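Structure assessment
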Amino acid sequence: MIDFLEEVNKRKEDMIADIERLCRIPSVLDEATANDRQPFGKKCREALDEMLEIGRRDGFECEDVDGYAGHIDIGEQEEIFGILGHLDVVPCNKEGWNTDPYELTIKDGKLYGRGVADDKGPLIAGYYAAKIIHELELPVKMKMRIIFGCNEESGSHCVKYYFTKKPYPAMGFTPDAEFPVVYGEKAGVNFEITGEIEKDNIIGIYAGTRSNIVPEVCEVYVVGHYKQYKDSFMQYLSSHGLKGSLEEEGNHTKLILIGRSAHASTPELGINAATYMCHYLATISQNKLVQFVDQCFYKDHNGEKLDVAYKGLMGDLTVNLGVLNYKDGHVKMTVDMRVPHEVTDEQLTSAVVKHLKEYGLIETHKLGKALYIDPQSHFVQSLHNAYVEFTGDHENQPQAIGGGTYAKAMPNCVAFGVQFPGTDNKIHQNNEEIAIDDLLKATAIFAKAIYDLIKK
Ligand SMILES: [Zn+2]
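An account of the accompanying structure is given in this report. Remember, it's a predicted structure, so these values are computed and weren't measured experimentally.

Reading the values: the criteria
Numbering of residues starts from 1 in each chain and follows the order in which that chain's sequence is written. Where totals are concerned, whole chains, interfaces and linings use all residues; where local detail is concerned, this predicted model gives features only for residues with pLDDT of at least 70, and gives and counts side-chain atom pairs only at 80 or more. Water and hydrogen atoms were dropped before computing side-chain values, which therefore reflect all heavy atoms in the structure. Counting from the N terminus, the helices are the DSSP runs of H or I reaching at least four residues and the strands are the DSSP runs of E reaching at least two. Using a 1.4 Å probe on the protein chains alone, a residue whose accessible area is under 20% of its type maximum counts as buried, one over 50% counts as exposed, and one in between counts as partly exposed. Any pair of nitrogen or oxygen atoms within 3.5 Å is treated as a polar contact; in protein, a donor-acceptor pairing is required on top of that, and neighbouring residues in sequence qualify only through side-chain atoms on both sides. Contact definition: two residues touch when any of their heavy atoms are within 4.5 Å. A pair of strands is treated as paired once DSSP finds two or more bridges between them. Here an angle of 0 to 180 degrees is reported between the N-to-C directions of two axes, which are lines fitted to C-alpha atoms, with helices fitted over the stretch in contact. Two cysteine sulfur atoms make up a disulfide if the distance between them is within 2.5 Å. Salt bridge, as used here: a side-chain nitrogen of Lys or Arg that lies within 4 Å of a carboxyl oxygen of Asp or Glu. Take the residue count of a helix, subtract one, and multiply by 1.5 Å to get its expected span. This arc is built from the directions going out from the helix axis to the C-beta atoms. Every angle not falling under 35 degrees, over 145, or within 65 to 115 is termed oblique; those three ranges are roughly parallel, roughly antiparallel and roughly perpendicular. Should the near helix be turned anticlockwise from the far one by less than a right angle, the crossing is left-handed, and should it be turned clockwise, the crossing is right-handed. By the convention adopted, Pro, Cys, Tyr, Trp, Phe, Met, Ile, Leu, Val and Ala count as nonpolar, Lys, Arg, Asp and Glu as charged, and the other residues, Gly among them, as polar.

**Concerning the side chain of Thr-405**
Inspection of the secondary structure assignment puts Thr-405 in the loop between strand S21 (399-401) and strand S22 (413-415). Since its relative accessible area comes to 15%, Thr-405 is described here as buried. At 2.6 Å, the side chain of Thr-405 and the side chain of Glu-185 are in polar contact. Contacts of Thr-405, omitting those with residues within four sequence positions, involve Thr-174, Ala-177, Glu-185 and Ala-415.

This is the structure:
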């Protein structure tokens, strides 16, 4: 019986030192310094060089794929087991940090710094897991390839390019999400809806700036003195438990409705200010757009009214009206859907188009890729069992999510760690952190899981 945690503990100081090397580099996308050698800028290039240097130091074959991404090969076998992480980070607001985000700080058993949890720390954890299997000379049938991209945070152009040059591993995981394991990710799709409709008493409607967020505020300009709307609007707000206000703007009135924002993959957690506003506007206007939003989106997160609702192995299709813009007859809106893998583009589009036609609107969209690996498969079960072995957590099961992770970059890949259930690593926030014990435990889980999957 191999004690992977014991092996990880022996390498604790080395691991932390390597994370420190990577965290010191503010590897934020920087188009100003981008060129052929460094497509994502100088600092992303430096982080890539640093990771390659770590691999060379340990005597492994390393490859730089044109500054987009790189890999370290551990083992000589033909077949590849992939561990996919990323070296780029999101920018920091230094004022909000208690420590220098680019100087690794150890305090109360935790590491603090930009990238410690997303994704430099987890990448190093994956690297050490593979290194341990190698150093223990365990018999394996696949080589382990640590792949690291430099552009996960801004479109994953790194791995898109990398896989045009390098083969897909036979299987693998990305430690860029959470434990236990994500076996399914719905396909993302953005419908851009446009059109011209007949003008009426509504001058403009504005809500949201990003399709993947439930809009928190909706502002509307209507013709007429505010006294005309005051009673009915205030009555509407209070009867729906909403906040908002009216402002006098000459002969016009500005209506403001405040809802609650949420991520588009969980629209039920938000209150969509645009749909609630249109539900009110439908009582004072014949505007076609208002009718469309009211009849097709109000209080419906699953597309029942659009006839696209579907409950699959990964759960429900979700719908978020993220951006609503209307001015003088011109409509522009964006709808974000998270679609289970069983639904086809044709099924989805024909239903949506049918409704749009009624209101004289048109759409363009692109259906993304879904990811689904049978949660009962040997692959997913091995990962989950390794997680259970080191945590004793039988409660949290493999899950399907509406968001997209790095795992979509390659086939037979799932997101696996490293944020543990019930913890918050403050990913993308100030004071990003990870408990050293969690990082070590994650490394042991990875080593056990990889070994179970590739042993001879
Ligand atoms: Zn990440």
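**Structural notes on the sheet that holds strand S13 (residues 243-249)**
Read across the sheet, eight strands follow the order S13-S14-S12-S11-S17-S18-S10-S19 without closing on themselves; strand pairing throughout is antiparallel. The open sheet has two free edges, formed respectively by S13 and strand S19 (361-367), since each of these has just one partner strand. Within the sheet, the average angular offset between the axes of one strand and its neighbour, ignoring direction, is 20 degrees. Examined bridge by bridge, strand S10 (residues 187-196) and strand S18 (residues 330-339) share 10 bridges and lie antiparallel to one another. Bridging from a neighbouring strand, Val-189 pairs with Met-337 of S18. Each of strand S12 (217-223), S13 and strand S14 (252-258) touches helix H6 (residues 227-239); the most contacted strand, S13, lies at about 170 degrees to it.

**Structural notes on the environment of Gln-381**
Considering the arrangement of structural elements, one finds Gln-381 in helix H10 (residues 378-391). Look at Gln-381 and you get partly exposed, because its relative accessible area is 24%. With 200 residues separating them in the primary sequence, Gln-381 and Val-181 have C-alpha atoms 9.3 Å apart. Setting aside anything within four residues of it in sequence, one finds Gln-381 in contact with Pro-375 and Gln-376.

**Quick notes on the state of the cysteines**
Overall, the coordinates contain zero disulfides when judged by the stated rule. The structure places no disulfide on Cys-44, whose sulfur is separated from the nearest cysteine sulfur, that of Cys-150, by 5.7 Å. Cys-92 takes part in no disulfide bond, and the closest cysteine sulfur, belonging to Cys-23, lies 9.8 Å away.

**Digging into the pattern of salt bridges**
One pass over the structure, following the stated rule, counts 29 salt bridges. With a shortest N-O distance of 2.7 Å, Arg-21 and Glu-50 are connected by a salt bridge. Pair noted here: Arg-21 is in helix H2 (residues 12-23) and Glu-50 is in helix H3 (residues 42-57), with a separation of 29 residues, a long-range link. The closest approach of N and O atoms between Arg-338 and Asp-336, which form a salt bridge, is 2.8 Å. Pair check on accessibility: Arg-338 and Asp-336 agree, each one buried. A network of salt bridges, in which partner residues are shared, links Glu-7, Lys-10, Arg-11, Asp-18, Arg-57, Asp-58, Lys-131 and Glu-135.

**Overview of H6**
With 13 residues, H6 should cover 18 Å at 1.5 Å per step; its first-to-last C-alpha distance of 19 Å lies within 8% of that length. Turning to H6, its buried residues are Tyr-229, Phe-233, Tyr-236 and Leu-237. The buried residues of H6 all sit within an arc of 95 degrees when viewed along its axis, so they share a single face. Projecting away from the buried face of H6 at angles above 90 degrees are the exposed residues Lys-227, Asp-231, Gln-235 and Ser-238. Following H6 by one or two positions, Gly-241 adopts a phi angle in the positive range, close to 65 degrees.

**As for the packing of H3 against helix H4 (residues 120-135)**
Their axes nearest at 13 Å, the elements H3 and H4 cross at an angle of 20 degrees. In this view, H3 runs roughly parallel relative to H4, as classed from their interaxial angle. Of the two possible hands of crossing, H3 and H4 adopt the one that is right-handed. Counted together, Met-51, Ile-54, Gly-55 and Arg-57 of H3 and Leu-123, Ile-124, Tyr-127 and Tyr-128 of H4 form the full contact between these two elements. In terms of residue class, the contact of H3 with H4 is built from six nonpolar, one polar and one charged.

In short, geometric facts, not functional conclusions.
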